[in-house]
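A structural walkthrough
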Amino acid sequence: MPQAMSVTASGVGMNYLAVCEGAAVRSKDAARTAEALRDIMAGGRTEFRMEYPCSSPQGPRWFQLRVTRPDQTQTRRIVVAHEDITEVKRTQEELARLSGRLMHLQDEERRTIARELHDTTAQNLLAITLNATRLREALHDAGEPICGALAETLELAEQSLQEVRTLAYLLHPPLLDDVGLVAALSWLARGFSERSGIQVDISIDDGGEPLSRPAATALFRVAQEALSNVHRHSGSRRAWLSLYRTDDTVQLDIVDRGTGLRPPARASGEDAQRIGVGISGMRLRLEQLGGQLDIRSGPSGTRVSASVPIKPRDPDKNSLNEPSSEAASDMSR
Ligand SMILES: Nc1ncnc2c1ncn2[C@@H]1O[C@H](COP(=O)(O)OP(=O)(O)O)[C@@H](O)[C@H]1O
Ligand SMILES: [Mg+2]
């Protein structure tokens, strides 16, 4: 029984519902249990499950309370079972910590690769294009094979430079660090539209305060993954991206008018292979920050909503991030 619910004289012969009702003023868990018991007794539902913490001399422990009403044909009874799930909880926490750490390392690695691509490969390609341009100018009357080869070299070098820059930006948009989420999302949506041909309408309510780097990164990655899903899975030719804040959260919505998600695949056998890491990755990222992911989907489209908690609004601050105009001009590269 949840700690706050226990009474000294509980035991055989006690009325469990009465004990819960007695403790309901002090304990939300007790109140929920009492309500569920009454509901199950009245036939409103057949099962109730709740996890609750409990302190013990060995440290904090977790229990699962399960109330079921077995088939009523022979005896009318309700089974209340408490199960120690501390080990399961510890494993879940450990897994969440490990996943968070892996995600952080992945972000760091992407940042390093992006920097390397940007600072070395892109610089080398730029030098090649400059050299090729000079050679073409110097050899402009060298005849077709040479001029043709130089023109082709220049074109390939320019194309590669563009690709490397795009790749570096996608791996880790420097914008996120410099100009913040709002500019980075606009850049993402514009690039996505150009590459996919899907029109993205953006609505950004610029009424918040600077977001922490982890929060901005998480929301950016969610937008990136959700837009990629619109392109790969939805069939929609249009998408809507909005960023706004409520009193204590920043909210990002990506909406499409596509086919919607198929009914949830069962997490076993062949189907388990088909469950992507995109949605679970988004969820994990947000949960690490105390936020959450909500997906609503039907035959007329999908809405992916991500939220991260923020401190209550400070009336003096008036933007989700504070772009430096210098860094903003970096976007046009
Ligand atoms: N916007 C969407 N419209 C339709 N189906 C979607 C959408 N987003 C996700 N899905 C479905 O959900 C599955 C899981 O998505 P995700 O976890 O991102 O994995 P992946 O994109 O790698 O398949 C996709 O394979 C797809 O079937
Ligand atoms: Mg995906």
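What this report covers is the structure whose coordinates are included nearby.

1. As for the pairing of strand S2 (residues 59-68)
- As defined by bridge partners, strand S1 (residues 47-56) adjoins S2 across 10 bridges and the pair is classed as antiparallel. Within the sheet, the bridge partner assigned to Cys-54 lies in S2 and is Arg-61.
- With antiparallel pairing between neighbouring strands as the criterion, S1 and S2 make up a hairpin whose turn holds two residues.

2. With respect to the coordination of the magnesium ion (ligand 2)
- With distances of 2.0 to 2.1 Å, the protein atoms coordinating the magnesium ion (ligand 2) are Glu-225 (OE) and Asn-229 (OD1). Of this pair, Glu-225 and Asn-229 are both found in helix H7 (residues 213-234), four residues apart, which corresponds to roughly one turn of the helix.
- Note on Glu-225: relative accessible area 23%, which makes it partly exposed.

3. Digging into the environment of Met-41
- If you trace the backbone, Met-41 turns up in helix H2 (residues 28-41).
- Residues within four places of Met-41 in sequence aside, it is in contact with Leu-17, Arg-69 and Ile-78.

4. A short note on the pattern of salt bridges
- Evaluation of the coordinates by the stated rule reveals 13 salt bridges.
- Here Arg-66 ties to Glu-47 by a salt bridge, and the two come within 3.0 Å at their closest N and O atoms. Of this pair, Arg-66 sits in strand S2 while Glu-47 sits in strand S1, and the two are 19 residues apart along the sequence.
- Residue classification places Arg-66 among the partly exposed residues on the basis of a relative accessible area of 35%.
- Where Glu-51 meets Lys-89, a salt bridge forms, and the shortest distance between an N and an O atom there is 2.8 Å. Residue Glu-51 is located in strand S1, and its partner Lys-89 is located in helix H3 (residues 86-138); the two are separated by 38 residues in the primary sequence.
- Here the salt bridges share partners, and the residues they tie into one network are Arg-49, Glu-51 and Lys-89.

5. Let's talk about the nonpolar core
- Judged by nonpolar contacts, the single largest core of 36 residues is most densely connected at Leu-181, Leu-185, Leu-219 and Leu-252.
- Sorting the residues of this core by element identifies helix H6 (181-196), H7, strand S5 (238-245), strand S6 (249-256), helix H9 (277-288) and strand S8 (301-309) as the ones contributing at least two each.
- Sort the elements by how many residues they give to this core and H7 lands first, with 10 residues.
- Listed in part, the 11 residues of the second largest apolar core include Leu-17, Ala-34, Tyr-52 and Val-67.

6. Some points on the sheet that holds S2
- As summarised here, the arrangement of the three strands in space is S1-S2-S3, forming an open sheet in which the pairing is antiparallel. Bordering the open sheet on either side are S1 and strand S3 (79-84), each of which pairs with just one other strand. Each neighbouring strand pair of the sheet contributes to a mean axis angle of 20 degrees, computed without reference to strand direction.
- The strands touched by H2 are S1, S2 and S3; relative to S1, the strand with the most contacts, the crossing angle is about 155 degrees.
- Of the strands in this sheet, S1, S2 and S3 touch H3, which is tilted by about 115 degrees from S2.

7. Regarding the sheet that holds S8
- Spatially, the five strands line up as an open sheet ordered S4-S5-S6-S8-S7, and their pairing is mixed. The outermost strands of the open sheet, each flanked by one partner alone, are strand S4 (199-204) and strand S7 (292-298). Neighbour-to-neighbour, the strand axes of the sheet open up by a mean angle of 10 degrees, direction not taken into account.
- In this sheet, S6 lies alongside S5 in antiparallel orientation, the contact comprising seven bridges. Residue pairing in the sheet places Tyr-244 in a bridge with Gln-251 of S6.
- Each of S7 and S8 touches H9; the most contacted strand, S7, lies at about 145 degrees to it.

Criteria and cut-off values
- Residues numbered from 1 in each chain as written.
- Chains lettered and ligands numbered in written order.
- Predicted model: local features only at pLDDT ≥ 70, side-chain atom pairs only at ≥ 80, totals over all residues.
- Heavy atoms only, no water.
- Pairing = 2+ DSSP bridges.
- Helix = DSSP H or I, 4+ residues; strand = E, 2+ residues; numbered from the N terminus.
- Donors = N, O, S within 2.8 Å, 3.2 Å for Na, K, Ca; no water.
- Buried < 20%, exposed > 50% of the residue type's maximum accessible area, 1.4 Å probe, protein only.
- Contact = heavy atoms within 4.5 Å.
- Salt bridge = Lys/Arg side-chain N within 4 Å of Asp/Glu carboxyl O.
- Core = buried A, V, L, I, M, F, W, Y, C linked by side-chain atoms within 4.5 Å.
- Axes fitted to C-alpha atoms, helices over the stretch in contact; angles between N-to-C directions.

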